[in-house]
Amino acid sequence: MEQRKISRAVISRLPRYYRYLGDLLEAGVERISSNDLSKKMQVTASQIRQDLNNFGGFGQQGYGYNVKYLYTEIGKILGLDKTHNFIIIGAGNLGQALANYAAFERSGFILKSLFDVNPRFEGVAIRGIPVRMMDELVDFLKENEIEIAALTIPKSKAVEVADILVENGIKAIWNFAHTDLDLPDDVVVESVHLSDSLMTLSYNVSQRREGLTEDEE
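A brief look at the structure comes next.

Criteria and thresholds
Counting restarts for each chain, with residues numbered from 1 along the sequence as it is written. Since the coordinates come from a predicted model, pLDDT governs what is reported: local features require at least 70, and pairs of side-chain atoms require 80 or more to be given and counted, while whole-chain, interface and lining totals use all residues. Hydrogens and water are ignored here; the side-chain numbers use all heavy atoms of the structure. Put simply, the grid is 1 Å and covers the protein atoms alone, a cavity is a trapped set of points that fit a 1.4 Å probe, a pocket is an open set with protein on both sides within 12 Å along at least five of seven lines, and lining residues have an atom within 4 Å of a point. Grid points are joined across faces, edges and corners, and a volume is the space filled by probe spheres set on the points. The helix count covers DSSP runs of H or I at least four residues long, the strand count covers runs of E at least two residues long, and both are numbered beginning at the N terminus. Any residue that is not Ala, Val, Leu, Ile, Met, Phe, Trp, Tyr, Cys, Pro, Asp, Glu, Lys or Arg is counted as polar, Gly included; the first ten are nonpolar and the last four charged. Distance thresholds for patches are 9 Å for like charges and 5 Å for nonpolar side chains (Val, Leu, Ile, Met, Phe, Trp, Tyr), applied to residues having over 30% relative accessible area and no salt bridge. Residue exposure ignores everything except the shown protein chains as possible cover, and the areas themselves are Shrake-Rupley values with a 1.4 Å probe. Note on definitions: salt bridges are taken to be side-chain nitrogens of Lys or Arg within 4 Å of carboxyl oxygens of Asp or Glu. Neither His nor the chain ends is counted toward charge; the positive residues are Lys and Arg and the negative residues Asp and Glu. Positions of charges follow a simple convention, taking NZ of Lys, CZ of Arg, CG of Asp or CD of Glu.

## A closer look at empty space enclosed by the protein
- For the structure shown, the criterion picks out one cavity of 30 Å³ or more.
- As a volume, the largest cavity reaches approximately 30 Å³.
- F86, L98, A99, Y101, F104, E105, F109, L111 and R127 are the residues that line the largest cavity.
- Elements that contribute at least two residues to the lining of the largest cavity include exactly α5 (93–99), α6 (103–106) and β4 (109–116).
- Here the lining of the largest cavity is composed, by residue class, of seven nonpolar, no polar and two charged.

## Points about a negative patch on the surface
- A grouping of E122, D135, E136, D139 and E143 is seen on the molecular surface, where their side chains present a negatively charged patch.
- Its place among the elements puts D139 in helix α7 (residues 137–143).

## Looking at the layout of surface pockets
- A volume near 2400 Å³ is recorded for the largest pocket.
- Along the wall of the largest pocket there are 44 residues; nearest its centre are I11, P15, L78, L80 and F109.
- In terms of residues, the lining of the largest pocket owes the most to one element, helix α1 (residues 8–26), which gives ten residues.
- Per-class residue counts for the lining of the largest pocket are 24 nonpolar, seven polar and 13 charged.
- Reported here for the second largest pocket is a volume of approximately 270 Å³.
- Together, 15 residues line the second largest pocket, and V117, M134, I153, P154 and K157 are the ones closest to its centre.
- Residue assignment for the lining of the second largest pocket shows that the elements contributing at least two residues are β4 and α8 (155–167).

And the structure:
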């Protein structure tokens, strides 16, 4: 089947569909219309149908969507029907927080190890997962099938470490470092800039505050 180019906007909504459908499953809901789903998602019913039509539609006229089936199919689209071995580079507060998030494993993301340069972490285990020193990284990658690496390190080291990861077979990087990575086209990079999200929140709060002030005048 010919692979279609799917927009980033559509892809970014798929995890939300998956999460809401999971909630519906837990609530015992068997089917839902695009109109009802749109109320929960705060996305128009038309947008939902357009998004899902990129992957085949999944709905039936007059019936709506079978919640369990749609949940399963979106999981497959997201690759959640497979397991993905990953590591975390950086065993500080953020790295440990990610390591302690057990929900990753329920979605098929299996944390194999954390790495750090700080000797105080040597021999430490987080949720039973060992922290290794960075000088063990290359050998570990050669001996284990690791697909994804999360970077929770200072931006001054991120480019150097990312290059080492790519040279040793890593094909996907979850980048929490506050810098952009220029890597080969066959390496998938998902950057998470927490400060950007906070600044967006600050902007929206400021706009709302200004709107309230204007209403009071």
